[in-house]
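Below, each chain spelled out in residue letters.
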Amino acid sequence: MKVQALPSVEGNFNLKNYEEAAESFDWSTVEQQFTWSETGKLNLAYEAIDRHVSGDRANKVALYYSDANRDEQYTFEDMKKYSNKAGNILRDAGVKKGDRVFIFMPRSPELYFAVLGAIKIGAIVGPLFEAFMEGAVRDRLEDSDAKVLVTTPALLERVPVGDLPNLESVFIIDESYEENGPYLNFLTRLNGANEDLDIEWVDREDGLILHYTSGSTGKPKGVLHVHNAMLQHYQTAKWVLDLQEDDIYWCTADPGWVTGTSYGIFGPWLVGATNVIRGGRFSPQDWYETLERYKVTVWYSAPTAFRMLMSAGDEVLKKYDLSSLRHLLSVGEPLNPEVVRWGMKVFDLRIHDTWWMTETGAQIICNYPCMEIRPGSMGKPIPGVKAAIIDDQGNELPPNRMGNLAIQKGWPSMMRTVWNNEEKYKSYFEIEGWYVSGDSAYMDEDGYFWFQGRIDDVIMTAGERVGPFEVESKLVEHPAVAEAGVIGKPDPVRGEIIKAFIALRDGYEVSDELQEDIRNFVKKGLAAHAAPREIEFRDKLPKTRSGKIMRRVLKAWELDLPTGDLSTMED
Ligand code: 6R9
């Protein structure tokens, strides 16, 4: 695919020369950024908050929080105080190092206090999306043997406390909640708690966070990360988020998803940045207003959000002053070149795609300000980490050959186990020396990586391998198409045929002509064999709460197969 490259951008960036850094970077140099390299006392939450208070950021705003009812700001000193208090009340409830503390609530300042407080006392945090229903909550609390849960009165209805014998205490976020038995009032206890906390100093390899991520079949898997991940959170917040002292940073992801913790909590605070958190649901007006109001400079979001903003039209956007923005990033799904072009048009900025996974704990393949962007490419591996395209035997493939996207084992933020499922953990490392991601991709002759699909999603039609992403990207270039999901449908003649599920933009009606027009659009713009033989229009596509189109669900519906784990699907 020939694309117009976007030149590197000028400015005061953290990574000046990619090639040089990629050649010589040594992770041990990052350790010197942290106080534990001198004191031997290590805890990620201390490094993210308290270190800045002892330094010169005590009065710097760490968190701007707002939603429909609240509008607050907290300095690093405030964050230290409240996370200490949260640590104390959790400890009073019997939480010890290594215990699992789950957080099940919508975004609010208390969520951040609870996460940081739990980490400060050495607990392993388990964040859960607020939209999980009872079955999903039960699976996760049961599998992890959670000891304590922090939640709201509304969400408590979905917690089967009686079925969870190891769940000792449930903190409720509600001022007037009357404590009884295991149910404790988070807010009154927080108010009354001591501001000083004896931080639990831990080992680099001690547990930090447990993120449950859905598998395509069976139960969700609990991916465990350790404190050592801070090296990569810190360094990528510098290189990739490019955070500087005066930046106002907004990551739109919920902490129920790995992006909302690694880059909504850890990365930005480890480098002492000001973090914007906006509660409530997505709406273009609300999001533009948030960017304008806080004068956000660095913005990390996802293709699905960018596509929604794009289809809301530029008229809405023009009502806001977004001139503070200087650096945009995306993660979670392939970033369509069309979206990158839209970003250039409306913001006059490049959107920097980043690729990584819950399992990798932090960014792996990225676009950097100092580097040319090839729209549609995920970029290049971060310095200090080697990624490659390998075949099923572990041989590295030459440029432009599609294969397994793999990472050389041992990067700092690599998951350390899958909870209660060592076998699953091992299955990622079956090829000696490599972590195999399950994504397929190729690398071009200049070292840029190009995403093709999940291995299971790649379509084989009449002997040609087609990555669903390429077809979807072409489809969303059509003026009528808001979103597209593409699958391979078994076919006696061609092996598979390409079937597209399409949600139309407002103002377009389903018709045979439109269908034909869309098909021809892909034929002309991409390739005849890549044009969908079947098109089905839908009001919306099945997506995860983090915005990924769930192709396996489309496929299951199409073929009348079991849909697998649906706990991460949005309503
Ligand atoms: C951080 C996160 C991981 C899967 C990953 C891949 C897809 C993520 C992407 C991307 C294309 C990108 N993915 N970033 N695909 N381009 N820039 O998303 O973690 O929820 O575990 O998802 O998401 O398929 O394997 P997670």
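Residues numbered from 1 in each chain as written. Predicted model: local features only at pLDDT ≥ 70, side-chain atom pairs only at ≥ 80, totals over all residues. Heavy atoms only, no water.

### Section: the site of the ligand
Link 1 in the chain: Residues in contact with the ligand amount to 18 residues; listed here are only the nearest, Trp257, Asp353, Thr354, Thr358 and Lys548.
Link 2 in the chain: The contact in question runs from a nitrogen atom of the ligand to an N or O atom on the backbone of Glu333, over 3.3 Å.
Link 3 in the chain: Contact between the ligand and Asp439: an oxygen atom at 2.9 Å from a side-chain N or O atom of the residue.
Link 4 in the chain: Computed on the free molecule, the ligand has an accessible area of 530 Å², of which 93% lies beneath the protein chains in the complex.
Link 5 in the chain: Within the residue set of the shell around the ligand, elements represented by two or more residues are α11 (258–270), β14 (351–355) and β21 (449–454).
Link 6 in the chain: Here the shell around the ligand gets 3 residues from one element, more than from any other, and that element is β14.
Link 7 in the chain: Across the shell around the ligand, the residue classes break down as 9 nonpolar, 4 polar and 5 charged. (Near = heavy atom within 4 Å. Polar contact = N/O pair within 3.5 Å; in protein donor to acceptor, adjacent residues only side chain to side chain. Areas by Shrake-Rupley, 256 points an atom, 1.4 Å probe, with all protein chains shown as cover. Helix = DSSP H or I, 4+ residues; strand = E, 2+ residues; numbered from the N terminus. Nonpolar A, V, L, I, M, F, W, Y, C, P; charged D, E, K, R; others polar.)

### Some details on the sheet that holds β21
Link 1 in the chain: Taking strand neighbours across the sheet as the criterion, the 4 strands line up as β17-β18-β20-β21 in an open arrangement whose pairing is antiparallel. Unpaired on one side and paired on the other, β17 (387–390) and β21 mark the two borders of the sheet. This sheet shows a mean twist of 50° between the axes of neighbouring strands, independent of strand direction.
Link 2 in the chain: Where β17 and strand β18 (residues 403–408) come together, 4 bridges link them in antiparallel fashion. Residue pairing across strands places Ala387 opposite Ile407, the latter belonging to β18. (Pairing = 2+ DSSP bridges. Axes fitted to C-alpha atoms, helices over the stretch in contact; angles between N-to-C directions.)

### Considering the UniProt feature "domain: AMP-binding enzyme C-terminal" (unreviewed entry) in the protein
Link 1 in the chain: According to UniProt, the "domain: AMP-binding enzyme C-terminal" (unreviewed entry) feature falls on residues 470–548.
Link 2 in the chain: From the first C-alpha to the last, residues 470–548 spans 15 Å; its make-up is 25% helix and 32% strand. (UniProt positions renumbered as here; feature names shortened; annotations may be inferred.)

### Thoughts on the packing of helix α5 (residues 76–92) against helix α6 (residues 109–120)
Link 1 in the chain: At a minimum axis separation of 7 Å, α5 and α6 run at an interaxial angle of 65°. Crossing hand, α5 versus α6: right-handed. Touching Met79, Lys80, Tyr82, Ser83, Asn84, Ala86, Gly87 and Leu90 of α5 are Tyr112, Phe113, Ala114, Leu116, Gly117, Ala118 and Lys120, all from α6.
Link 2 in the chain: Residue composition of the contact of α5 with α6, by class: 9 nonpolar, 4 polar and 2 charged. (Left-handed = near helix turned anticlockwise from the far one by under 90°. Contact = heavy atoms within 4.5 Å.)

### Describing the pattern of salt bridges
Between side chains of opposite charge, a pair can form when the charged atoms approach closely.
Link 1 in the chain: Scanning all chains against the criterion turns up 43 salt bridges.
Link 2 in the chain: Across the salt bridge formed by Asp206 and Lys97, the nearest N and O atoms sit 2.9 Å from each other. Taken together, the residues span a long stretch of sequence, with Asp206 in the loop between α9 (186–192) and β8 (207–213) and Lys97 in the loop between α5 and β3 (100–104) at a distance of 109 residues.
Link 3 in the chain: Given the relative accessible area of 21%, Asp206 is considered partly exposed.
Link 4 in the chain: The exposure class assigned to Lys97 is partly exposed, which follows from its relative accessible area of 42%.
Link 5 in the chain: Between Arg138 and Glu134 there is a salt bridge, and its shortest N-O distance comes to 3.3 Å. A residue pair is termed a helical-turn pair when its members lie 3 or 4 positions apart in one helix, as Arg138 and Glu134 do in helix α7 (residues 134–144) at 4 residues.
Link 6 in the chain: Taking the relative accessible area as the measure of exposure, Arg138 reaches 23% and is therefore partly exposed.
Link 7 in the chain: A residue is classified by how much of its surface remains accessible, and Glu134, at 33% relative accessible area, is partly exposed.
Link 8 in the chain: Several salt bridges converge on common partners, so that one network encompasses Lys489, Lys499, Glu534, Glu536, Arg538 and Glu558. (Salt bridge = Lys/Arg side-chain N within 4 Å of Asp/Glu carboxyl O. Buried < 20%, exposed > 50% of the residue type's maximum accessible area, 1.4 Å probe, protein only.)

### Here we look at the side chain of Lys60
Link 1 in the chain: Position of Lys60 relative to the elements: it lies in the loop between α4 (44–54) and β1 (61–66).
Link 2 in the chain: Judged by its relative accessible area of 15%, Lys60 falls in the buried class.
Link 3 in the chain: There is a polar contact of 2.7 Å between the side chain of Lys60 and the backbone oxygen of Gly272.
Link 4 in the chain: If near-sequence neighbours (up to four positions away) are discounted, Lys60 is found in contact with Tyr74, Thr75, Phe76, Glu245, Gly272, Ala273 and Thr274.

### Remarks on the pairing of strand β4 (residues 124–128)
Link 1 in the chain: Judged by how many residues are buried, β4 sits mostly within the fold: 5 of 5 residues are covered.
Link 2 in the chain: The side-chain alternation of β4 yields two buried faces, one formed by Ile124, Gly126 and Leu128 and the other by Val125 and Pro127.
Link 3 in the chain: Where β3 lies against β4, 5 bridges are found, and the strand directions are parallel. Note on β4: the bridge partner recorded for Phe104 is Leu128.

### Structural notes on the packing of aromatic side chains
One pair of aromatic rings is described through two measures. These are the centre distance and the angle between the planes.
Link 1 in the chain: Within the structure shown, the criterion is met by 32 aromatic pairs.
Link 2 in the chain: Summarising the aromatic geometry, the rings of Phe25 and Trp27 are spaced 5.1 Å apart at their centres and angled 90° between planes, so their arrangement reads as edge-to-face.
Link 3 in the chain: Centroid distance Tyr425 to Phe429: 5.0 Å. Interplanar angle 55°. Geometry classified as tilted.
Link 4 in the chain: The class for Phe429 is buried, based on a relative accessible area of 14%.
Link 5 in the chain: Three or more aromatic residues link up through ring pairs in this structure, and these residues are Trp250, Phe282, Trp287, Trp299, Phe306, Trp342 and Phe347.
Link 6 in the chain: A cation over an aromatic ring shows up here: Arg140 above the ring of Phe132, its NZ or CZ 4.2 Å from the ring centre.
Link 7 in the chain: Between Lys424 and the ring centre of Tyr428, over which it is positioned, the NZ or CZ distance is 5.3 Å. (Phe/Tyr/Trp six-rings, centres within 6.5 Å; stacked < 30°, edge-to-face > 60°. Lys NZ or Arg CZ within 6 Å of the ring centre and 35° of its normal.)

### Brief notes about the environment of Tyr428
Link 1 in the chain: Along the chain, Tyr428 turns up in the loop between α16 (422–427) and β20 (434–443).
Link 2 in the chain: Setting aside residues up to four positions removed in sequence, Tyr428 forms contacts with Lys221, Glu359, Met415, Val418, Trp434, Tyr435 and Val436.
Link 3 in the chain: A polar atom in the side chain of Tyr428 sits 2.7 Å from the side chain of Glu359.

### Digging into the domain arrangement of the protein
Link 1 in the chain: Domain boundaries in the protein define domain 1 (18–442) and domain 2 (458–570).
Link 2 in the chain: The distance between the C-alpha centroids of domain 1 and domain 2 comes to 30 Å.
Link 3 in the chain: Contacts between the two partners involve 26 residues from domain 1 and, on the opposite side, 23 residues from domain 2.
Link 4 in the chain: Both faces combined, the contact of domain 1 with domain 2 buries some 2100 Å², and carbon together with sulfur accounts for 56% of it.
Link 5 in the chain: Scanning the region where domain 1 abuts domain 2 turns up 2 salt bridges.
Link 6 in the chain: Arg307 is paired through a salt bridge with Glu483; the nearest N and O atoms lie 2.9 Å apart.
Link 7 in the chain: Counting the contacts that link domain 1 with domain 2 gives 7 residue pairs in polar contact (both at pLDDT 80 or more).
Link 8 in the chain: Elements represented by at least two residues in the side of domain 1 that touches domain 2 include exactly α7, α13 (303–312) and α15 (337–347).
Link 9 in the chain: For the side of domain 1 that touches domain 2, the element with the highest residue contribution is α13, accounting for 4 residues. (Domains from an automatic or database assignment. Buried area = accessible area lost by both parts, 1.4 Å probe.)

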